[in-house]
Amino acid sequence: MILSTNGLFRHVKSGLDGSGVGIPFDLTWVQSRSVDADEDDDDDELPSHLPVPDFVKVFEYQHATESGNSIDGACETNTNMDDGPLRLDELGRAARTIVDSCFSPSSASGHEAVLFRSLHHVIDTADDFEQFWNGCLQGDHLDDGWTPTSYMPFGKQRAKLGSVDLVTPFPPENALPCHNEMVYNPMSPAGIAFFCLSDAPEGGETILARNAELTKVVSAELQQLVKEHGGIRYRRAYYDQNDEQAVKAAHPFEVSWQEKTGVEDRDEAIKFFSNFGFGADHLVYFNEEGRLIVENVRSGYNDNEDWFNILAMGMFELADGTKVPSDMIQQLQRDEWKPVKALKLRPGDWIVLNNRSVQHGRLPFRESPEQKRVILTVYTK
């Protein structure tokens, strides 16, 4: 059993309630269906329900049940702390210690996801969470804190609440399939975490899948194809904001290279990408149309040789320019749901994931003017 720091968190042995059958699976969540209606018999391969994840370690914050309260970023608590009010950054350091213990290669638990609950008693704003998060980044010694990293998507940056990122603004009526964050970049975040300030009144469950389990269901033919052709090529193209025709033709999710990099000079724009691991072995250049082209190749696998890519999006070629057959992409879009599990984040829940071994996504949801789904997102190197 992992002991909490100073009694601030209690390990919930039962973890997530796995007694139910889970969330009924909806075939509309799959990105594409087989064109041949006769192949609908393959639906039996898909899960009938999404079970709760059995690989998440759960801890509950031990808030004061009688005399406790939260004032100016410090929470009064009746734990065994004897040094007065507990600051939110101290609470963050305590949570980080637990995560590090769970994620440690020497840990017998081998957990790759940790869920903290009941933090809404002390964290109910983005500013509160930022104080808590700063504590996670601060180590007791110079070398034991976490190192944050920035969100570096293909297109526009995420919206923020205060100074903290919100989740991907994906249409709420659609399911966001499981994926590893920024898997397309030369350097993907080691960790990603989500804090729930407010949940949707209907739907919006967080879905998780272990890359090791996903690898088992991806077809051997597709895996061999990716390896034989050198991996996956990820290509981005950013238009010039001074090109009126390019601006008019741009998709809403596209962004100019000036907005993307925050600079006006072409050389500086190219240098911008070096901060995210784009080196001499990657292509970063301006084409004849004035677009900034950024290309890099990744193997499609993590260090454990588990499936680690977003090939299921159907918009990428293999390293040598080979196109993946559409029927393989369609099958992959179905197969990726087979290891998926689901849980509902409630206000005050904070889930931390090893981004190199656990995928995340979310189910469709409905919200109301009175109750919006607000999830904060942070990342570590």
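Everything numeric here is computed off the predicted structure, so don't read it as measured data.

Novice: Help me understand the layout of surface pockets in this model?
Specialist: Where empty space is left becomes clear once a probe the size of a water molecule has been rolled over the atoms. Computed from the structure, the largest pocket encloses a volume of approximately 1200 Å³. Taken together, 41 residues form the lining of the largest pocket, with Phe 154, Thr 168, Tyr 184, Met 313 and Met 315 sitting closest to its centre. Those elements that place two or more of their residues in the lining of the largest pocket are β11 (176-179) and β15 (232-238). By volume, the second largest pocket amounts to about 570 Å³.

Novice: Could you clarify how one ought to interpret the packing of helix α1 (residues 88-103) against helix α2 (residues 126-137) in this entry?
Specialist: Contact pair α1 / α2: the axes reach a minimum separation of 6 Å and the direction vectors enclose 50 degrees. Regarding the angle of α1 to α2, the classification is oblique. The crossing of α1 and α2 is right-handed. Along its contact with α1, which presents Leu 88, Asp 89, Leu 91, Gly 92, Arg 93, Ala 95 and Arg 96, the element α2 presents Asp 128, Gln 131, Phe 132, Gly 135 and Cys 136. Residues that form the contact of α1 with α2 fall into these classes: five nonpolar, three polar and four charged.

Novice: Any chance you could explain the pattern of salt bridges here in plain terms?
Specialist: For side chains of opposite charge, pairing can occur when their charged atoms come near one another. Within the structure shown, the criterion is met by 19 salt bridges. The salt bridge partner of Lys 160 is Asp 165, with a shortest N-O separation of 2.6 Å. Given a relative accessible area of 6%, Asp 165 falls into the buried group. In this structure, Arg 210 and Glu 213 form a salt bridge, with 3.4 Å as the shortest nitrogen-oxygen distance. Here Arg 210 falls in the partly exposed class, since its relative accessible area comes to 22%. Salt bridges here are not isolated pairs; linked through shared partners, they connect Glu 112, Arg 210, Glu 213 and Lys 216.

Novice: Help me out: how do you make sense of the pairing of strand β4 (residues 56-61) in this one?
Specialist: Consecutive side chains along a regular strand alternate between the two faces of the sheet. With five of six residues buried, β4 lies mostly within the body of the structure. Two elements, strand β1 (residues 9-11) and β4, share three bridges in a ladder whose sense is antiparallel. When the sheet's bridge partners are listed, His 11 is paired in β4 with Phe 59. With five bridges joining them, β4 and strand β8 (residues 113-117) adopt parallel strand pairing. For Glu 60, the partnering residue across the bridge sits in β8 and is Arg 117.

Novice: Explain the nonpolar core to me, please; I cannot follow it from the model alone.
Specialist: It is characteristic of soluble globular proteins that their nonpolar side chains tend to be buried jointly. If you look at the biggest cluster of nonpolar residues, it comprises 53 residues, and the most contacted ones within it are Leu 222, Phe 273, Leu 292, Trp 307 and Leu 311. Counting 31 residues, the second largest nonpolar core, distinct from the first, contains Leu 8, Ala 94, Cys 102 and Ile 123.

Novice: What exactly am I supposed to notice about the side chain of Asp 165 here?
Specialist: Summarising the element assignment, Asp 165 is placed in strand β10 (residues 164-166). In this structure the side chain of Asp 165 is engaged in a polar contact, spanning 2.7 Å, whose partner is the side chain of Tyr 379. Once residues lying within four places of it in the same chain are set aside, the contact partners of Asp 165 are Tyr 151, Arg 158, Ala 159, Lys 160, Ile 375, Leu 376, Thr 377 and Tyr 379.

Novice: Help me understand the sheet that holds β15 in this model?
Specialist: Paired through their backbone hydrogen bonds, the strands of a sheet run either parallel or antiparallel. Strands sit in the order β16-β17-β15-β18 across an open sheet of four strands; the sheet is antiparallel. A strand with exactly one partner marks an edge of an open sheet, and here the two such strands are β16 (283-286) and β18 (317-318). Pairing of β15 with β18, which is carried by two bridges, proceeds in the antiparallel orientation. Looking at β18, one finds that Ile 232 is bridged to Leu 318.

Novice: How should I be thinking about the sheet that holds β4 in this particular structure?
Specialist: The sheet built from eight strands is open, its strands ordered β1-β4-β8-β20-β12-β23-β10-β9 with mixed pairing. In the strand order of this sheet, the two ends are held by β1 and β9 (160-161), each with one partner. Bridge count between β9 and β10: two bridges; the pairing is antiparallel. When the sheet's bridge partners are listed, Leu 161 is paired in β10 with Val 164. The strands touched by α2 are β9, β10, β12 (191-198), β20 (350-354) and β23 (374-380); relative to β23, the strand with the most contacts, the crossing angle is about 20 degrees.

Novice: Quick question: what am I supposed to make of the pairing of β15 here?
Specialist: Alternating positions in β15 separate cleanly, Ile 232, Tyr 234, Arg 236 and Tyr 238 being buried on one face and Arg 233, Arg 235 and Ala 237 remaining unburied on the opposite face. Bridge count for β15 against strand β17 (residues 292-298) is seven bridges, and the pairing is antiparallel. Within the sheet, the bridge partner assigned to Ala 237 lies in β17 and is Ile 293.

Novice: Before we go on, may I ask you to explain the packing of aromatic side chains in this structure?
Specialist: How two aromatic rings sit relative to each other is set out by the distance from centre to centre and by the angle between their planes. Taken as a whole, this structure holds 24 aromatic pairs when the rule is applied. Measuring from ring centre to ring centre gives 5.3 Å for Phe 25 and Trp 29, while their planes differ by 80 degrees; the resulting arrangement is edge-to-face. Their ring planes at 85 degrees and their centres at 5.0 Å tell us that Phe 132 and Trp 350 sit as a pair that is edge-to-face. A residue pair is termed long-range when its members are at least 10 positions apart, and Phe 132 in helix α2 and Trp 350 in strand β20 qualify at 218 residues.

Novice: I tried to follow the confidence of the model for the protein chain on my own but got confused; where do I start?
Specialist: Any segment with low pLDDT has predicted coordinates that should not be analysed in fine detail. On average, residues of the protein chain carry a pLDDT of 87, and 85% of them reach 70 or more. Every residue in residues 33-41 scores below 50 in pLDDT, and together they form eight contacts with partners more than four places removed in sequence or on other chains.

Novice: Explanation requested: α2 in the structure shown.
Specialist: Counting along an α-helix, one turn takes 3.6 residues, and residues three or four places apart therefore face a common direction. Its twelve residues place the ends of α2 16 Å apart at the C-alpha level, agreeing with the 16 Å of an ideal helix rising 1.5 Å per residue. Turning to α2, its buried residues number three or more, namely Ala 126, Asp 128, Phe 129, Phe 132, Trp 133, Gly 135 and Cys 136. Summarising the contacts, the buried residues of α2 are in contact with α1, β9, β10, β12, β20 and β23.

Calculation notes
- Residues numbered from 1 in each chain as written.
- Predicted model: local features only at pLDDT ≥ 70, side-chain atom pairs only at ≥ 80, totals over all residues.
- Heavy atoms only, no water.
- 1 Å grid on protein atoms, 1.4 Å probe; cavity = no way out; pocket = protein on both sides within 12 Å on 5 of 7 lines; lining within 4 Å.
- Points joined across faces, edges and corners; volume = space filled by probe spheres on them.
- Helix = DSSP H or I, 4+ residues; strand = E, 2+ residues; numbered from the N terminus.
- Axes fitted to C-alpha atoms, helices over the stretch in contact; angles between N-to-C directions.
- Parallel < 35°, antiparallel > 145°, perpendicular 65-115°, else oblique.
- Left-handed = near helix turned anticlockwise from the far one by under 90°.
- Contact = heavy atoms within 4.5 Å.
- Nonpolar A, V, L, I, M, F, W, Y, C, P; charged D, E, K, R; others polar.
- Salt bridge = Lys/Arg side-chain N within 4 Å of Asp/Glu carboxyl O.
- Buried < 20%, exposed > 50% of the residue type's maximum accessible area, 1.4 Å probe, protein only.
- Pairing = 2+ DSSP bridges.
- Core = buried A, V, L, I, M, F, W, Y, C linked by side-chain atoms within 4.5 Å.
- Polar contact = N/O pair within 3.5 Å; in protein donor to acceptor, adjacent residues only side chain to side chain.
- Phe/Tyr/Trp six-rings, centres within 6.5 Å; stacked < 30°, edge-to-face > 60°.
- pLDDT = per-residue confidence, 0-100.
- Expected span 1.5 Å × (residues − 1).

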